[in-house]
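Structure assessment
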Amino acid sequence: AANDHWTLDLRKKYNQINFDITNKTVEVEAGITMGSLLKELTKHQRSFPIGLSGLPGIGYILTGGISPLSRQQGLAIDQVLAVNGFWGSGKSFQISRPTASSSDQDQLIWRGLCGAAPFLGIVTRLTLRTQPQNSLIVWQVFLSTTELIEAIKQAEHWPNSMSLQWIWGEKIQVFVVIKKSSIKKKTFN
């Protein structure tokens, strides 16, 4: 992306998605998009916290991955259970999320990969935890700067099943995402 640097495009040969029905995890190769991941998971009534677009690849996950569902489900990177790839030296690695009894070195390697993986090596495959699929209500509106400030203040007090997302461009486009099952039905007499 800069002079004397290079970008490796893995989309052509690393695009497999394999869902494990038994433990509800999914193994994805580095060339997939978040949209293709959701499409596959929908077949199994499962979901993953992607952002507002289905176009990003696993770089979205490896650099954190803030989603409209993050308040409730955590960041996308919090869902990573295993990472496979090659270190900058060319040596391959296959690392699983450490447990409390894992060595300090394994803990440090995991922490390094969870956020800096694209800078330490080439990630070719991830194993991810998935969530049950839930219906969402998405409300979209354009707001002024003053209205956005007020909306942010109000959103700080919302339950974790609701989030406020915005895109700042020529206009400020705002999305309110609500987990449908969190809304209590009211009956009227």
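Residues numbered from 1 in each chain as written. Predicted model: local features only at pLDDT ≥ 70, side-chain atom pairs only at ≥ 80, totals over all residues. Heavy atoms only, no water.

**Describing the layout of surface pockets**
- Each pocket or cavity is described by its volume, and for the largest pocket that value is around 700 Å³.
- Taken together, 26 residues make up the lining of the largest pocket; nearest its centre are Thr-7, Leu-8, Leu-10, Pro-118 and Gly-121.
- Going through the elements one at a time, α2 (59–62), α4 (104–120) and β6 (121–129) are the ones with two or more residues in the lining of the largest pocket.
- Per-class residue counts for the lining of the largest pocket are 15 nonpolar, nine polar and two charged.
- A volume near 340 Å³ is recorded for the second largest pocket.
- Leu-38, Ser-47, Ile-50, Leu-69 and Leu-136 are the residues nearest the centre of the second largest pocket, which is lined by 22 residues in total.
- When residues of the lining of the second largest pocket are assigned to their parent elements, the largest contribution, three residues, is made by strand β10 (residues 172–179). (1 Å grid on protein atoms, 1.4 Å probe; cavity = no way out; pocket = protein on both sides within 12 Å on 5 of 7 lines; lining within 4 Å. Points joined across faces, edges and corners; volume = space filled by probe spheres on them. Helix = DSSP H or I, 4+ residues; strand = E, 2+ residues; numbered from the N terminus. Nonpolar A, V, L, I, M, F, W, Y, C, P; charged D, E, K, R; others polar.)

**Considering α4**
- Between its first and last C-alpha atoms α4 spans 19 Å; for 17 residues at 1.5 Å apiece the expected length is 24 Å, and the helix comes up short by more than 12%.
- A bend of about 75° at Cys-114 is the largest found in α4, and the proline Pro-118 appears one to four places after it.
- Considered for burial, the residues of α4 that qualify are Trp-110, Leu-113 and Ala-117. (Expected span 1.5 Å × (residues − 1). Bend = angle between axes of the 7 residues up to and from the residue. Buried < 20%, exposed > 50% of the residue type's maximum accessible area, 1.4 Å probe, protein only.)

**Considerations on helix α5 (residues 145–155)**
- Within the sequence span of α5, burial applies to Leu-148, Ala-151 and Ala-155. End-on view of α5: buried residues confined to an arc of 60°, all on one side of the axis. α5 presents Thr-146 and Lys-153 as exposed residues on the side facing more than 90 degrees away from its buried surface. (Arc of directions from axis to C-beta.)

**A word on the sheet that holds β10**
- Here we have three strands laid out as an open sheet, ordered β8-β10-β9, and antiparallel in their pairing. The sheet terminates laterally at β8 (136–143) and β9 (162–168), the two strands that pair on one side only. The mean inter-strand angle of the sheet, taken between neighbouring strand axes irrespective of direction, is 20°.
- Summarising the sheet, β9 and β10 pair through seven bridges and their orientation is antiparallel. Residue pairing across strands places Trp-166 opposite Val-174, the latter belonging to β10. (Pairing = 2+ DSSP bridges. Axes fitted to C-alpha atoms, helices over the stretch in contact; angles between N-to-C directions.)

**Section: the environment of Trp-166**
- Within the secondary structure layout, Trp-166 lies in strand β9.
- In this structure the C-alpha to C-alpha distance between Trp-166 and Ile-122, which are 44 residues apart in sequence, comes to 31 Å.
- In this structure, Trp-166 is in contact with Leu-148, Ile-152, Ile-172, Gln-173 and Val-174, ignoring residues within four places of it in sequence. (Contact = heavy atoms within 4.5 Å.)

**Some remarks on the packing of aromatic side chains**
- Evaluation of the coordinates by the stated rule reveals one aromatic pair.
- A ring pair is formed by Trp-87 and Phe-93, whose centres lie 4.4 Å apart and whose planes are at 35°; its orientation type is tilted.
- Given the relative accessible area of 25%, Trp-87 is considered partly exposed.
- Between the NZ or CZ atom of Lys-171 and the centre of the ring of Phe-142, over which it lies, the distance is 5.5 Å. (Phe/Tyr/Trp six-rings, centres within 6.5 Å; stacked < 30°, edge-to-face > 60°. Lys NZ or Arg CZ within 6 Å of the ring centre and 35° of its normal.)

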